[in-house]
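# Residue-level structure breakdown
Below, each chain spelled out in residue letters.
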Amino acid sequence: MTPDRRAFLALLTSAGAGSTLLPGVLWAQMQPGTKPVTLEMVRESARLAGLNWTDEECADLIESLSSLARGAEGIDKPSLTNASPLPVHFDPRPPGLAWTPPPPATFDVEPAPALRRPSNLEAVAFWPLTHVAHLLQTRQVTSVELTTMYLGRLKRYNGQLNCVAALTEARAHVEAAAADAEIASGRYRGILHGVPYGVKDIIAAAGYPTRWGAAPLEQQTFDEDATVVTRLREAGAVRVAKLTTGEMAFGDQWSGGRTNNPWNLSEGSSGSSAGPGAATAAGLVAFAIGTDTGGSILSPAVRCGIVGLRPTFGRVSRHGVMAAGTTLDKIGPMCRDAEDCAIVLRAIAGPDDQDLAVVRDVPVTWAARGPHPMRVGFVPAMMEAEKDADQRANNERALAMLKRLGCSTHPITLPAGDLSYYIEYVERAAAFDTFTTSGLHAGLRPRTSRYLRACQLVTAVDYLQANRRRAVIMQDVARAMSGVDVVMFTSLSPDSRTSLNPVMSLTGHPSVAVPNGFKSSGSPAGVMFSGHLYREGELLAMAKAWQDATGDSERQPALFSA
C-alpha cells in the first residue's frame, strides 16, 4: 500500500460520531430526485456531526435545507467531468509573508564530452540527456535509431516490468523522422531534440487511449494532447509510450496487474507514477513524465533508484492531465540524473492560459557547476533509532554524506501534514463525481471505489475550514524553513519518524528524491529534499552533488543493463 492510501485508510476507518466525514449524509439524502428533508433526517445528521440541537432547532432548518437543495440543482452535476475547469486556484506563496524569488534566469548545463557512438547502441539507453544529445547533434546516431532501440527494449522487457500502458509506436516514428530531418537541416531545437521519452497514463495523448489505470476506462481517449506533451513535442522530444499508473492514480496496481521494480521484481515499483519510475530505471526510455499529489513521483523514484522531481505547485500546466487533488497536483520529470530533471523541467514549465494556477515570470534556473545548498534542515526525530535496520543504515549513509559534502545540519519543527490527504481525497471525490454517480466506480477495486464515495459526504464547510488551516500551516512552514536552504527526509512511509512529511505536499514546496545506496533486499534506498518555492535549481544542485559523490547513478539493474 502506498503512503497516501495508508494514511487515508486510517482516516476512513477512524470515522465515527462527530467525524467530519459524516455530516454530509444529510446533504447526500436531499439531492435532487431524493425524498424531501424530514425532521428525522436533520436530527440524525446533527447527531452524527456532534451538534447538540433540539428537535425545535432541527425543525427550524427543514425549509432552509430544502431551499438549499433546490438551489443546488443549478450545478447540473451530470454535465461536469474530470476535465471541467475550476476557477479556484491555489497559490503556494504563504499569505502575509515575503518569499524569495529564484535568482535571475540562468541555465548552464554540463558540457558533454567528445563522445563516440558505442558499438552496442543499447549502451546509450542509460546515458545522461546531454550525452545522448551530443550523438544526435553530431549526427553519429539518428532519432529513428534511438527510437527503434528504446521501442525494442520496451517490447522486450515489459513482460517482466508490466510498465507499458500503450506503445505510441506509429507517432514515435513520425516524430523521430521529423527530428532527423530538422537536425540534418541545421534546425537544432536543443538537448531534447530527437530524444525518446514516456508519459504517465493519466496524461492525454491524442490518438491513443488514456485509461487512468482503470478497467472501466479501457476505451477512453482524448482529442488533444496535454500541454506537457505539446511542450515536449515543441522541444523536439519523441514520445514512445504511455506508461502505467495505478488505478485512478493510486499505487502501482492497475487494470493490467502490478508494475514491478527493476531492481527487485518481487516487489512493486510503488506509485502512482509506477510505469515512469520502472521504465526510466530500466533504461526503457531516456526520461519520463510523472505526476505527484501526495508522493506519486517521489515514492517510485526512491523505490526504483532514480531522480524524481516534484516541482513547486503551479510550475507546470496540468491541462489535459487527470485531476486528482486539484490544489495539490503537480507534474514533473523522472530521470536517471539530476541535471536531466532540470533540462526537462525547463522544457515543460510555464503558463499556457489553460491552467491558471501556473505562475508567470518565474524562470527555471540551473547551474551545473554552481554550489549546492549547505544549510540542511532536519526533523530531530530522524536522528533517533529506527526499528528497521535498512532505515537505520539509510539514515547513517545520509548523515555521513551531508558531512562529506560539507553541509551543516539544523533542527527544525514542521507542523503535522495530515490535512494533505483530507483535502486531496475530498477534491478527488469532486473530480470523479460524475464517474462515481454514474456507477462506473463499480468496475474499480473496492478500496478505490470506497475512497471516491466516502468523501462525497464531507461538508463544504469542513473542506473550506481545512484550507483555512492550510494557510496557517503554510505560514508555519515558511517560518521553519527561513534559516535553511533545504530540508532532508529519509523515508516516505507514514509509519516512519523520518518520513517526508505530507505537509510539504500540502504547502506546494518543491521536492526531489535521489538514490542513497541499497537495502538488504537489493532494492534502492533514497533521500528526499524539500526546498524553497520555485527554487528547483537549488534542490537539483543538491541531488547532483549527492549523485556525484555516491556514484549510484552509474549503476544499472542487472536484468536490464545494456
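For the structure, see preceding data.
What you see is a predicted model; the values in this text were computed from it and never measured.

Structurally, R153 can be placed in helix α7 (residues 143-161). Residue class for R153 comes out buried when judged on its relative accessible area of 0%. Not counting the four nearest positions on each side in its chain, R153 is found in contact with E122, A125, F126, N158, A282, G283, L284, F560 and A562.

Moving on: the environment of P111. Looking at the secondary structure, you find P111 in the loop between β1 (107-108) and α6 (129-137). Given a relative accessible area of 52%, P111 falls into the exposed group. Measuring from C-alpha to C-alpha, the distance between P111 and N162 comes to 35 Å, with 51 residues separating the pair along the chain.

On strand β15 (residues 486-489), burial covers both faces: V486 and M488 on one face and V487 and F489 on the other are all buried. In this structure, strand β13 (residues 375-378) lies alongside β15, joined through 2 bridges in parallel fashion. Directly across from G377, in β15, lies its bridge partner V487. Sheet topology places β15 next to strand β17 (residues 524-531); 4 bridges connect them, and they run antiparallel. Along β17, the bridge assignment pairs M488 with F529.

Take the sheet that holds strand β4 (residues 238-243) next. The sheet built from 11 strands is open, its strands ordered β2-β4-β3-β9-β11-β10-β16-β17-β15-β13-β14 with mixed pairing. Each of the sheet's edge strands pairs with one partner strand only, and the pair in question is β2 (164-167) and β14 (408-411). Here the average twist between neighbouring strands, direction ignored, is 30°. Strands β2, β3 (196-200) and β4 of the sheet are contacted by α7, whose axis makes an angle of about 15° with β4. Docked against the sheet, helix α13 (residues 389-404) engages β13, β14, β15, β16 (511-518) and β17, running at close to 110° with respect to β16.

What follows concerns the packing of aromatic side chains. Here the structure, examined in full by the defined rule, presents 10 aromatic pairs. Between the aromatic rings of Y197 and F287, the centroid separation amounts to 5.2 Å while the plane-to-plane angle is 5°, which identifies the pairing as stacked. Note that Y197 is positioned in strand β3 and F287 in the loop between α10 (274-281) and β9 (288-292), a separation of 90 residues in sequence. Both residues of the pair, Y197 and F287, count as buried. Relative to W546, the ring of F529 has its centre 5.4 Å away and its plane inclined at 65°; by these criteria the two rings are edge-to-face. Highlighted residues: F529 in strand β17 and W546 in helix α19 (residues 536-550), separated in sequence by 17 residues. Looking at F529, the relative accessible area reads 0%, which means it is buried. Here W546 falls in the buried class, since its relative accessible area comes to 0%. Here a set of aromatic residues connected by ring pairs shows up, and it is made of W212, F222, F432 and F435. Between R428 and the ring centre of F250, over which it is positioned, the NZ or CZ distance is 4.2 Å.

Definitions and limits used
- Residues numbered from 1 in each chain as written.
- Predicted model: local features only at pLDDT ≥ 70, side-chain atom pairs only at ≥ 80, totals over all residues.
- Heavy atoms only, no water.
- Helix = DSSP H or I, 4+ residues; strand = E, 2+ residues; numbered from the N terminus.
- Buried < 20%, exposed > 50% of the residue type's maximum accessible area, 1.4 Å probe, protein only.
- Contact = heavy atoms within 4.5 Å.
- Pairing = 2+ DSSP bridges.
- Axes fitted to C-alpha atoms, helices over the stretch in contact; angles between N-to-C directions.
- Phe/Tyr/Trp six-rings, centres within 6.5 Å; stacked < 30°, edge-to-face > 60°.
- Lys NZ or Arg CZ within 6 Å of the ring centre and 35° of its normal.

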